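These are the residues of each chain, in order.
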Amino acid sequence: MLVKIYGAGSIGNHLANASKALGWDVDVYDIDPKALERMQYEIYPTRYGNWDKSIGLYENKELRKKEYDYIFIGTPPDTHAELLLNSLKENPKGILVEKPLCRPEKSEIEKLSNIENSKIPIFVGYDHVVSQSINKLKQLIVDGKIGKVLTIDVDFRENWSGIFDAHPWLDGPSDTYLGYWEKGGGASGEHSHALNLWQYLSIISNAGKVKKIDSMIDYVRDNKIFYDKLCMMHLETESGLKGRVVQDVITNPSKKTAIVQGDKGRLEWICHFEKNNDRVILYNKDKNSEVFNFYKKRPDDFICELKHIDSCIKNSKDSPIEFSFGLNTMKLLNIIHQQHQS
Ligand SMILES: NC(=O)c1ccc[n+]([C@@H]2O[C@H](COP(=O)([O-])OP(=O)(O)OC[C@H]3O[C@@H](n4cnc5c(N)ncnc54)[C@H](O)[C@@H]3O)[C@@H](O)[C@H]2O)c1
């Protein structure tokens with residue numbers, strides 16, 4: 001398999017490392033030669049031990065005329081739509097676009113809606129949804145362990161100091177898309193894993209798609225930046241199930257959890273409940289609990305995600321990270337910001 005990755009930044013390194021772990025050949029492209037240098041000499045060796053000389057590094061202007069099997073787009077969200085539309089023209093076997101799919105902007109979302117039925121499988125990088133721990137959570141819901149699902153609550157609350165620690169070359173939010181909600185940054189874009197996970201949990205709970213949403217958003221604005229540091233959403237689905245999502249870039253230490261309450265018990269998912277461990281807890285009505293732990297290291301998240309994508313493509317299977325789910329998340333983000341801007 002031959003893979004092209006756009007973006008030599010944080011996620012580009014993870015996707016390159018995961019691709020190599022699966023035995024694939026990798027070329028990475030970036031518009032910034034300094035980013036390619038940083039990948040080779042800093043990020044990759046620091047994270048994974050040493051640089052893998054077989055990885056090709058190129059500036060976009062040196063784009064090779066090769067037939068890539070998979071194309072992964074790991075650039076800032078405001079570049080995703082254009083790169084995705086151009087990548088489709090290359091007719092690869094599959095495309096992964098990082099989350100959030102695009103800017104939370106109506107015309108961009110409409111443009112991407114036109115490719116929803118593309119023959120080429122497209123995935124959006126909400127990797128938590130395909131993690132082992134969320135798979136377990138799903139299985140327990142589907143097996144009826146908590147009965148009929150009554151409400152769902154998802155939090156992705158994480159101060160973005162961690163992100164800036166992983167990007168020491170950035171001075172702060174104004175240096176990147178993170179400082180601008182309109183570019184797909186802020187808490188609503190960066191932590192949209194939570195909204196996406198809520199949507200997924202409502203589908204597997206047979207509650208249907210989100211029908212109503214409202215929000216309270218705390219924006220931060222000065223002459224440079226304009227982002228949301230806190231984004232709280234209330235949701236209602238087609239079946240009338242109601243619940244809540246909170247995303248912020250404030251909370252420290254971070255809290256990433258999902259609670260699914262049923263009429264026979266409750267499930268809790270705790271991401272990183274301790275270093276390298278995710279946890280799922282099943283409580284029955286008598287408060288007896290069963291605990292399931294999932295050991296993983298950060299690179300495993302992306303190996304797991306790429307294995308999932310590869311298997312879906314090779315076996316023509318549906319996926320909870322396929323394009324339409326990521327697109328629906330963007331539609332909701334567009335609605336909540338529109339509510340506030342008007
Ligand atoms: N799934 C996850 O857990 C996860 C984790 C980290 C980042 N992400 C997502 O990945 C995306 C990138 O984040 P990051 O932290 O890697 O950013 P980053 O700033 O570290 O890297 C982005 C790189 O893309 C390059 N770039 C910009 N435009 C380009 C273009 N047109 N062609 C090629 N390269 C281009 C930049 O020069 C930069 O080197 C974001 O959408 C982010 O939300 C997802």
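Given the structure is predicted, the values throughout are model-derived calculations rather than measurements. (Residues numbered from 1 in each chain as written. Predicted model: local features only at pLDDT ≥ 70, side-chain atom pairs only at ≥ 80, totals over all residues.)

The number of helices and strands found in the protein is ten helices and 14 strands. On C-alpha atoms alone, the protein measures out to a radius of gyration of 20 Å, which is about the 20 Å that the 2.2 N^0.38 rule sets for 342 residues. Expressed as lengths along the three principal axes of its C-alpha atoms, the size of the protein is roughly 60 × 45 × 40 Å. For the protein, buried positions account for 41% of its 342 residues. Put simply, of all contacts in the protein between residues at least 6 apart along the chain, 69% involve residues at least 24 apart. (Helix = DSSP H or I, 4+ residues; strand = E, 2+ residues; numbered from the N terminus. Rg over C-alpha atoms; globule rule 2.2 N^0.38 Å. Buried ≥ 20, exposed ≤ 12 C-beta atoms within 10 Å, placed from the backbone. Contact = placed C-beta atoms within 7 Å.)

As a further point, take the sheet that holds strand β14 (residues 289-295). Pairing within the open sheet is mixed, and its eight strands lie in the order β8-β9-β10-β7-β11-β12-β13-β14. With one partner strand each, in any of the chains shown, β8 (210-221) and β14 form the two edges of the open sheet. Here the strands of the sheet are splayed against their neighbours by 10 degrees on average, with no regard to which way each runs. In the sheet, β8 pairs with strand β9 (residues 226-237) via eleven bridges, with the strands oriented antiparallel. When the sheet's bridge partners are listed, Asp 218 is paired in β9 with Leu 230. Each of β7 (149-157), β8, β9, β10 (242-248) and β11 (255-262) is contacted by helix α8 (residues 193-204), which is oriented at about 165 degrees to β7, the strand it contacts most. (Pairing = 2+ DSSP bridges. Axes fitted to C-alpha atoms, helices over the stretch in contact; angles between N-to-C directions.)

Looking at the ligand, there are 26 residues lining it, with Gly 7, Gly 9, Ser 10, Ala 35 and Glu 98 nearest. For the shell around the ligand, the secondary structure elements donating two or more residues are α1 (10-21) and β2 (25-30). Here the residues of the shell around the ligand sort into nine nonpolar, eleven polar and six charged. For the shell around the ligand, the domains that each give at least three residues are domain 1 (2-126) and domain 2 (132-295). (Near = placed C-beta within 6 Å. Nonpolar A, V, L, I, M, F, W, Y, C, P; charged D, E, K, R; others polar. Domains from an automatic or database assignment.)

On to the environment of Ile 203, then. When you line up the elements, Ile 203 lands in helix α8. The spacing of Ile 203 and Pro 320 is 117 residues in sequence and 9.8 Å in space, taken between C-alpha atoms.

Turning to the domain arrangement of the protein, a few remarks are in order. Frequently, the measure chosen for interface size is the accessible area that the parts lose on association. You can read the domains of the protein as domain 1 (2-126) and domain 2 (132-295). Computed over C-alpha atoms only, the centres of domain 1 and domain 2 are separated by 25 Å. Counting from both sides, the interface comprises twelve residues of domain 1 and, opposite them, twelve residues of domain 2. Looking at the side of domain 1 that touches domain 2 residue by residue, the class counts come to six nonpolar, one polar and five charged.

Turning our attention to the sheet that holds strand β5 (residues 94-97). Taken in spatial order, the six strands of this open sheet run β3-β2-β1-β4-β5-β6, and their pairing is parallel. Of all strands in the sheet, those with a lone pairing partner are β3 (56-59) and β6 (122-124), marking the two edges. When strand polarity is set aside, the average angle formed by the axes of neighbouring strands in this sheet is 20 degrees.

Put simply, helix α4 (residues 106-113) and helix α10 (residues 323-341) touch, their axes get as near as 10 Å, and they point 160 degrees apart. Considering their axes alone, α4 and α10 lie roughly antiparallel with respect to each other. Classified by chirality, the crossing of α10 by α4 is left-handed. Residues Lys 106, Ile 109, Leu 112 and Ser 113 of α4 touch α10, and the partners they reach there are Leu 327, Met 330, Lys 331 and Asn 334. Taken together, the residues of the contact of α4 with α10 break down into four nonpolar, two polar and two charged. (Parallel < 35°, antiparallel > 145°, perpendicular 65-115°, else oblique. Left-handed = near helix turned anticlockwise from the far one by under 90°.)

This part takes up the packing of α1 against helix α9 (residues 298-314). One can describe the packing of α1 onto α9 by two numbers: an axis separation of 9 Å at closest approach and a directional angle of 60 degrees. Regarding α1 and α9, the two cross each other, and that crossing is right-handed. Listed contacts from α9 to His 14, Leu 15, Asn 17, Ala 18, Ser 19 and Ala 21 of α1 are Pro 299, Phe 302, Ile 303 and Leu 306. Of the residues belonging to the contact of α1 with α9, the class tally is seven nonpolar, three polar and no charged.

With omega at -15 degrees, the peptide bond leading from Lys 99 into Pro 100 counts as cis. In this fold, Pro 100 is placed in the loop between β5 and α4. Note the cis peptide between Asn 252 and Pro 253, where omega equals 0 degrees. For Pro 253, the position within the fold is in the loop between β10 and β11. The residue Asn 276 is not glycine, and still its phi comes out positive at about 60 degrees.

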